[in-house]
Amino acid sequence: MGTPEVISSAANPLVKRIRSLGDRKHRRREGVFVVEGIQPVWRAVEAGWELETLAVVPEWLPESAANMVAEQRGLGVRVAELSSELAGRLTERDRPPGLFAVVRARTTVLDDLAVPPDGVFLALHEIANPGNLGTVLRTADATGAAGVILLGDTADPFAPAAVKASMGSLFAVPVAAVPDAGAFLRWAHARAVAVLATSGYAEREHWSFAYRPPLAVLLGSEGDGLPAELIAQADQTLRIPMTGTAESLNLAVAAALLLYEARRHAIGAPE
């Protein structure tokens, strides 16, 4: 496949394109997004996601990563070499990663989302923070969640902050998006997926509930939580008790508590 392309100017079209993909409108129009770092790119490759371009800082790549890049180049993926100074212009990290990838975006249609008998899903209603979303994806991966469902106007899972926070879990957990909560509720009802909503006013504490899958844990936006009309349509409402002065938990923390509680019930908690 010849030698890799060497880029030395910030005016190079590839460099400008990678920077432009920080904008959601460009990601949507082109159907691609950027992944930074050796481990996340490796996970994308292992999961079979389509790589369009790899941009590397050769002196920062360990031999194993360099071999992976060479294999991808042999498969037809464009490979470009960058200087460390140029790589620094493509990231907000203090130390630029040695590897960038432009990856083809891939989502799951809700109706195609598999519902195993022991499936636990996480549904997120109009959350705004992409970093929270990425952290939630990482937690969903760690707990073996069957999928994450995004309801309404929600943060982009392919935003740089979300991709970074997911640490590669974006490539392991199916993510489906629906335009409104009604579509999600109809999907859940048709497949006998119990919907568990969270509310600070619920009578039942989250650890006193017998989680019986398939089920979906439904969480609301960071500031407003779930709207009352959506809570009313859930099969069960649960409360995460708090005794301090904090009014709420971080979304990712709340998701972790509930997903691990569901996991504990699934594997059978010791007496």
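Up top is the structure.
An account of the accompanying structure is given in this report. (Residues numbered from 1 in each chain as written. Predicted model: local features only at pLDDT ≥ 70, side-chain atom pairs only at ≥ 80, totals over all residues. Heavy atoms only, no water.)

## Quick notes on the overall build of the protein chain
- Assigned secondary structure in the protein chain consists of 10 helices and 12 strands.
- Whereas a compact globule of 271 residues would reach a radius of gyration of roughly 18 Å, the protein chain reaches 21 Å, a difference of no more than 12%.
- Across its three principal axes, the protein chain shows a C-alpha extent of roughly 65 × 35 × 35 Å.
- For the protein chain, restricting intrachain contacts to residue pairs at least 6 apart in sequence, the fraction spanning at least 24 positions comes to 79%.
- Surface accessibility of the protein chain: about 13,400 Å² in total, with carbon and sulfur atoms responsible for 50%.
- Positive and negative side-chain charges of the protein chain, numbering 25 and 31 respectively, have mean locations separated by a distance of 4 Å. (Helix = DSSP H or I, 4+ residues; strand = E, 2+ residues; numbered from the N terminus. Rg over C-alpha atoms; globule rule 2.2 N^0.38 Å. Contact = heavy atoms within 4.5 Å. Areas by Shrake-Rupley, 256 points an atom, 1.4 Å probe, with all protein chains shown as cover. Lys, Arg positive; Asp, Glu negative; His and termini not counted. Charge placed at Lys NZ, Arg CZ, Asp CG, Glu CD.)

## Notes on the sheet that holds strand β1 (residues 5-6)
- Here we have five strands laid out as an open sheet, ordered β1-β4-β3-β5-β2, and mixed in their pairing. Either end of the sheet is taken by a strand with one partner, and the two such strands are β1 and β2 (32-36).
- Here strand β3 (residues 51-56) runs beside strand β4 (residues 78-81); their pairing, made up of four bridges, is parallel. Paired with V56 across the two strands is E81, which belongs to β4.
- Contacts from helix α1 (residues 13-20) reach β2, β3, β4 and β5 (99-104) within the one sheet, and its direction differs from that of β3 by about 110 degrees.
- Against the sheet, helix α3 (residues 38-46) touches β2, β3 and β5, its axis set at about 155 degrees to β3. (Pairing = 2+ DSSP bridges. Axes fitted to C-alpha atoms, helices over the stretch in contact; angles between N-to-C directions.)

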